[in-house]
Amino acid sequence: MKTILKMLGGLLAGIAIGVLIGIGGAVVFNGVSISEAFTKVFSGGTLRLLVPVFWAALWAVVSFFLQIVIHEGGHLVAGLLTGYRFVSFRIFSLTLIRKDGRYQWRNFSLGGTGGQCLMAPPLRPLEEIDTRWYNLGGVLANVVVSTLALVLLLCFDLPDWAEIFLMTLTFFGYLLALINGIPMKLSGVNNDGYNLLFLEKTPDDKRRLCQMLEANANIQNGIQPKEMPDEMFPAEEQVNWKDGLQVNWQLMVVARLENQHRWEEAYALLQEGLAQKQHIAALFQQELTLEMVFVCLVTGRIEEARQLYTDRLRKYVKQFMKTHSSKQRIHFATTLLLDGNREEALQLLEDLKAHRTDYLLQGEVDMDIELMEHLLSVECRVESVEL
């Protein structure tokens, strides 16, 4: 029901934005007054109103989608020109990857993002890697395309549908450029402008970003965290849990500790992070809590896991089970040890094995299957001791 309401809300917002852009365009480009523009839009009966509203809403949706593609394409072009290597290109949940020399489509989604272009850093010393163009590319692409659209509007006499399309394209392009270009943290996560301004000035964060990009590329290519070199995971003197980049990297560290069965170290790190959860973005809070639930179940802290695993987290897990094998692992563990349904848990494991190639992050899939099998062995040992 919530999903339907969100879709309806988005449609209504698109209609409203489309109408406002249409009225604004009539005022700016056709020289009519605001009252005349409103009169033209809202007079003449329902049918006459719905036709321009429909086209305005349609072009608003199309323009928004195109500007997301343009933004991520800007990151891709800027990255390739500065030595970065292609990893994946995602718009909403549709993801393009390159595997075995061929481009393939996968389904992958990440809460709070409409798209993402992931690349691996150049194979150079850290001080020779430039992060500025990679971060600037998306904003620059939005600005260039929006400016060209604006020039066409100002210089040519175009049909009404073309004017509406170019107006919405301009509006959303500049909007995305502002949202991503003005340095800020969105839900605790650094945007492009923030990274552009501060990464080169903070070598440790620049190192973490490059490590994260390299680790993601490795995992997509089937390498598990435990198989990555130790030098990729240097010991941190102190983690700044207010820094989204550091929190994101610590989730990778937790994955490696779990992959190596270093459960108490993983538990201690997660405990430290959750103690600072008021400073952590909601998405990262959920991810940290879910990994704590799993570690608690593996180490026999059943009641602690039960208290942590809220209905909200259950819904979050089920929402992303089809695109994230880690959520399948969490669902397996809670079904097995919190719900006591061994038969369903075993079916979840078999389903993941049968569909392992459907997932984007192949190294994560291999790790999750191994961890699920490990939890089964732990559960069997516990049952034998109780008997």
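Residues numbered from 1 in each chain as written. Predicted model: local features only at pLDDT ≥ 70, side-chain atom pairs only at ≥ 80, totals over all residues. Heavy atoms only, no water.

Residue position: Gly 300 is located in the loop between helix H10 (282-298) and helix H11 (302-308). Of the residues examined, Gly 300 reaches a relative accessible area of 52% and is grouped as exposed. It is 9.1 Å that separates the C-alpha atoms of Gly 300 and Val 378, two residues lying 78 residues apart in sequence. (Helix = DSSP H or I, 4+ residues; strand = E, 2+ residues; numbered from the N terminus. Buried < 20%, exposed > 50% of the residue type's maximum accessible area, 1.4 Å probe, protein only.)

All right, on to helix H12 (residues 311-320) then. Buried residues of H12: Leu 313, Tyr 316, Val 317 and Phe 320, and no others. For H12, the angular spread of the buried residues around the axis is 100°, confining them to a single face. More than 90 degrees from the buried face of H12, the exposed residues found are Asp 311, Lys 315, Lys 318 and Gln 319. At its buried positions, H12 is contacted by H10, H11 and helix H13 (325-337). (Arc of directions from axis to C-beta. Contact = heavy atoms within 4.5 Å.)

Further remarks concern the packing of aromatic side chains. This model, assessed by the stated rule, comprises ten aromatic pairs. Summarising the aromatic geometry, the rings of Trp 59 and Phe 165 are spaced 5.0 Å apart at their centres and angled 55° between planes, so their arrangement reads as tilted. Linking Trp 59 in helix H3 (residues 45-81) with Phe 165 in helix H5 (residues 160-181), this pair joins segments that are 106 residues apart in sequence. A single burial state applies to Trp 59 and to Phe 165, both of which are buried. (Phe/Tyr/Trp six-rings, centres within 6.5 Å; stacked < 30°, edge-to-face > 60°.)

Bringing the side chain of Arg 208 into the picture now. As for its position among the elements, Arg 208 is in helix H7 (residues 203-220). In this structure Arg 208 comes out as buried when scored by relative accessible area, which is 4%. Beyond its immediate sequence surroundings of up to four residues, Arg 208 is in contact with Glu 236, Leu 245, Gln 246 and Trp 249.

By size, the foremost hydrophobic cluster in this structure holds 62 residues, and its most contacted members are Leu 288, Phe 294, Tyr 309 and Phe 332. Going through the elements one at a time, H7, helix H8 (244-259), helix H9 (263-274), H10, H12, H13, helix H14 (342-354) and helix H15 (362-386) are the ones with two or more residues in this core. Ranked by the residues each element gives to this core, the list is headed by H10, at ten residues. Membership of the second largest hydrophobic core comes to 20 residues, among which are Leu 96, Cys 117, Ile 129 and Leu 199. (Core = buried A, V, L, I, M, F, W, Y, C linked by side-chain atoms within 4.5 Å.)

Interpretation note: all reported values are geometric properties and have no functional meaning in isolation.
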